[in-house]
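Understanding the architecture of this molecule
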Amino acid sequence: MATTAPARRLPAPPPADPGPRAPRATLRQRLARWDVRLSPYLYVAPFFLVFAVAGLFPIVYTAYVSVHDWHLIGGQGEFVGLQNFVDVLQQPRFRTALRNTFSIFLLSSVPQVAMAIALAAVLDANLRAKTFWRMGVLLPYVVAPVAVSLIFSKMFADQSGLINALLAGVGVEPIRWHSDVLASHVAIASMVNFRWTGYNTLIALAAMQAVPRELYEAAVIDGAGRLRQFFSITVPMLRPTIIFIVITSTIGGLQIFDEPRMFDQMGLGGADRQWMTLTMYLYELGWGAQKSFGRASAVAWLLFLIIVLIGLVNFALTRRIASSGGKGGQR
Amino acid sequence: MRTRRSVPVVAGAAGIALLAAACGTSGADTGGEAAASGDGEGGDVTLTVATFNEFGYEELIEEYMDANPGVTVEHKKAATSNEARDNMNTRLAAGSGLADIEAIEVDWLPELMQYSDKFVDLADPAVEGRWLDWKVEQATTPDGALIGYGTDIGPVSVCYRSDLFAAAGLPTDRAEVAALLEGDWDTYFEVGRQFAASSDVPWFDSAQATYQGMINQVANAYEESDGTPIPLAENAEVKDLYDQVVAAGVDDGLSAHLEQWSEDWVNAFQNDGFATMLCPGWMLGVIEGNAAGVEGWDIADVYPGGGGNWGGSFLTVPAQGEHPEEAKALAQWLTAPEQQLKAFEAKGTFPSQVEALESEELRGQTNEFFNDAPVGEILANRAEAVEVTPFKGPNYFAIHQTVSDAITRADVGSDDAASSWEKALAAFDELGLG
């Protein structure tokens, strides 16, 4: 289509052009037209090619695997329909994994977003050595997650860990980070927060700096205090950024793997699967005891659907929160 | 204007060309590699050997290359066996990408046995009688094919802290300790109770690890010899061991309630965490590393219930390789008694070859850290005492995990013995083996 259309229209211009130069102009013109029509698509094409190979194909293929018996080494078996999904949903461990994932996700994402915005507000103020502080918050992000996990699992060791030693110093009973459900989730969430808060802070900070300063000047003239400015100007103006942060941290939070897997040496999520997340469950199904890629793929798809669902809920919620804040600002 | 506009077309096209080139290059690379290993110059052969942790093969490989000028050997070492295992399973499924010789742990055998056609049958008159019988048996398929050449084994003995023994009024000399512990697991736990009566230090490190030692002596732990899984609820033998180890470890407080390899376990070596532990040959290095600077570790020539084997590896030749014959020859050479003794000297991997076990060189080995104990002789004796080869079918590890988890739950105190066992039964049902 795109190639024939200009060709058909081309015969029209030549009569207008002086004779000898006509053929060259036609070629250029043709190129120019193709250029206008095609080059935007060529520009975006690499992304879609990569996406098709690295994103779309795996998703579709996973769906295909999930409706078959599929052994890790043995490979493809019979078509079983939705049996894998039924099997997975009936396993109590799926519910445990779901519970753990949500618990760790909430314990990490909520404080993380709040802390990131608060920190960004502080960094947005007139500080000495701004760049130093700004670089500082990003420092944990540079550390590889596995290294973070190694350090934190030393700190959170039940008997010989630093945290329990500090707690003992103030007279608190040692917490059993590796056997209590909630304690293990808190420990893992703290690793996630350590790593990601700074990253989100910088994103929030960038957005904050784009807020027109006149708004603050006007607010100061109106007699608004620092807090009032923060909640009535900064937060509403940050709305799209907050939505971005919430959605990316949702995706990251629900896919969490490295930190809980490295939390002990076995990497199974504890003897009672206290901190086994959905992705770890997926891994255990595929590569662990059951060696069933079919079931693992079913979990992958369930996880995908859950993320989409939570993403939508998040989007609706953050929109409402942010827009009600916006109204407050308009008043 | 026009010429400038046409630049983007070129740029876009170049982008795609680059992408295509990127894919193309990687393809060409693998092709090139394959070609190089096929016939580099004049029929030379390149063999890859993939191992994990420490096999002690570095110098041996040099030696082999010197002796066989036509052969180049590349050694790929994975840091952990888990890493090597994931790599193995994935590439086995993919049908390409494995090394010519792949080292495997004894634990992976039951799974790999199901796909024995993916490995070269290594049975050969030249290696008959080379290994301990049970070592060969482990790697032999039901229809008689040998899929792996034995490297090291893990004969288990009891390591103990003589200083803590002395403080509790128990004998400290390793011969006397061996006499004291001679017997079955009841004896081991009974001596533990004596010890606990006059010491605050726990008797052993971990209930799960102790159970591991016990289950290694059961011929048909979780499956019948034809591979049929024994329903866990009806498995009286396992339930009995479970009750025994939980009663000793938790009720009598003999366990230090540590999970092996955990941070606390590693640190416990430094602060008198426990008085004894079951130690396979490869554990000696681990203890020495963790307990650096601690005096008093010793090793007794005894093991509850006779002998036991914990771990050990094999070399396999995956059928997908291009040079199965050459690879087989190299694997045969690497696992020959002389070479295995050198590997033992280099990294302490205890040989599984009859001749190596009988050699003076091995028997004469002592270990300074363990109070100059004659570890070579002790471990060789322990290897000879092994009578039972546990049958490990394809579901062995899945079921074992459910019981191990149950013991850990009871041991670290996140659950009581009865409810933890119920959870094990539920986890067993989840496996869907019924």
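Before any of the text, the structure's been laid out above.
A brief look at the structure comes next.

Rules behind the numbers
- Within each chain, residues carry numbers counting from 1 in the order of the written sequence.
- Here the convention is simple: chains get letters from A, ligands get numbers from 1, in the order in which they are written.
- pLDDT decides what is reported in this predicted model: residues at 70 or higher carry local features, side-chain atom pairs at 80 or more are listed and counted, and totals for whole chains, interfaces and linings draw on all residues regardless.
- Hydrogens and waters are ignored; side-chain quantities use all the structure's heavy atoms.
- Only DSSP runs of H or I reaching four residues or more are called helices, and only runs of E reaching two or more are called strands; each is numbered from the N terminus.
- When accessible area is computed with a 1.4 Å probe and restricted to protein chains, residues below 20% of their type maximum are described as buried, those above 50% as exposed, and intermediate ones as partly exposed.
- In what follows, residue pairs with any heavy atoms lying within 4.5 Å of each other are defined as contacts.
- One fewer than the residue count of a helix, multiplied by 1.5 Å, yields its expected span.
- For any pair of parts, buried area is found by adding up, for both, the accessible area (1.4 Å probe) each one loses once the two are put together.
- Every case where a carboxyl oxygen of Asp or Glu lies within 4 Å of a side-chain nitrogen of Lys or Arg is listed as a salt bridge.
- A 3.5 Å cut-off defines polar contacts: any pair of N or O atoms within that distance qualifies, except that in protein one atom must be a possible hydrogen donor and the other a possible acceptor, and neighbouring residues in sequence count only when both atoms are side-chain atoms.
- Only protein atoms enter the calculation, which uses a 1 Å grid: trapped sets of points that fit a 1.4 Å probe without letting it out are cavities, open sets showing protein on both sides within 12 Å along at least five of seven lines are pockets, and any residue with an atom within 4 Å of a point is a lining residue.
- Grid points are joined across faces, edges and corners, and a volume is the space filled by probe spheres set on the points.
- Only the six-membered ring of Trp is used, alongside the rings of Phe and Tyr, when aromatic pairs are assigned; centres must lie within 6.5 Å, and planes under 30 degrees apart are stacked while those over 60 apart are edge-to-face, with the rest tilted.
- Placement of a positive charge over a ring is assigned whenever Lys NZ or Arg CZ falls within 6 Å of the ring centre and within 35 degrees of the normal to the ring plane.

1. What to know about the overall build of chain B
- A count of helices and strands for chain B gives 19 helices and seven strands.
- When the 434 residues of chain B are sorted by exposure, 52% land in the buried category.
- Taking the intrachain contacts of chain B between residues at least 6 apart in sequence as the baseline, contacts between residues at least 24 apart amount to 74%.

2. Section: helix α18 (residues 396-412) of chain B
Residue and element names in this part refer to chain B.
- For α18, which comprises 17 residues, the first-to-last C-alpha distance of 24 Å matches the rise-based estimate of 24 Å (1.5 Å per residue) to within 8%.
- Within α18, 14 of the 17 residues are buried, leaving the element largely enclosed by the surrounding structure.
- Once α18 ends, the next one or two residues include Gly413, with phi positive near 85°.

3. Section: the interface of chain B and chain A
- With 41 residues of chain B at the contact, the number on the chain A side is 39 residues.
- Together chain B and chain A conceal approximately 3500 Å² of surface at their shared face, both sides included; 56% is due to carbon and sulfur atoms.
- For the interface between chain B and chain A, the tally reads five salt bridges.
- With a closest N to O distance of 2.7 Å, Asp272 of chain A and Lys423 of chain B form a salt bridge.
- At the boundary of chain B with chain A, the tally comes to 14 residue pairs in polar contact (both at pLDDT 80 or more).
- Of all the secondary-structure elements, those providing two or more residues to the side of chain B that touches chain A are α1 (2-39), α3 (81-94), α4 (109-113), α11 (263-268), α18 and α19 (417-430) of chain B.
- When residues of the side of chain B that touches chain A are assigned to their parent elements, the largest contribution, nine residues, is made by α1 of chain B.

4. Regarding empty space enclosed by the protein
- A complete count under the given rule lists four cavities of 30 Å³ or more for this structure.
- Space inside the largest cavity adds up to approximately 110 Å³.
- Taken together, 15 residues make up the lining of the largest cavity; nearest its centre are Arg93, Glu284, Ala289 and Gln290 of chain A together with Leu431 of chain B.
- Elements with a contribution of two residues or more to the lining of the largest cavity: α13 (278-287) of chain A together with α18 and α19 of chain B.
- Element by element, the count of residues in the lining of the largest cavity is highest for α18 of chain B, at four residues.

5. Here's the deal with the environment of Glu295 of chain B
All names here are of chain B.
- Its place among the elements puts Glu295 in the loop between α12 (283-290) and β6 (297-300).
- Between the alpha carbons of Glu295 and Glu58 there is a distance of 32 Å; along the sequence they are 237 residues apart.
- Those residues in contact with Glu295 that lie beyond four places of it in its chain are Arg161 and Asp163.

6. Some points on the packing of aromatic side chains
- Scanning the entire structure with this criterion turns up 48 aromatic pairs over all chains.
- Between the aromatic rings of Tyr141 of chain A and Trp196 of chain A, the centroid separation amounts to 5.2 Å while the plane-to-plane angle is 65°, which identifies the pairing as edge-to-face. In this pair, Tyr141 of chain A is assigned in helix α5 (residues 130-142) and Trp196 of chain A in helix α8 (residues 181-209), connecting sequence segments 55 residues apart.
- Relative accessible area serves as the criterion here: at 27%, Tyr141 of chain A is assigned to the partly exposed category.
- Through successive ring pairs, a cluster of aromatic residues spans Tyr160, Phe165, Trp185, Tyr188, Phe189, Phe195, Trp203, Phe204 and Tyr303 of chain B.
- The ring of Phe314 of chain B is capped by Lys135 of chain B, whose NZ or CZ atom sits 4.0 Å from the centre of that ring.

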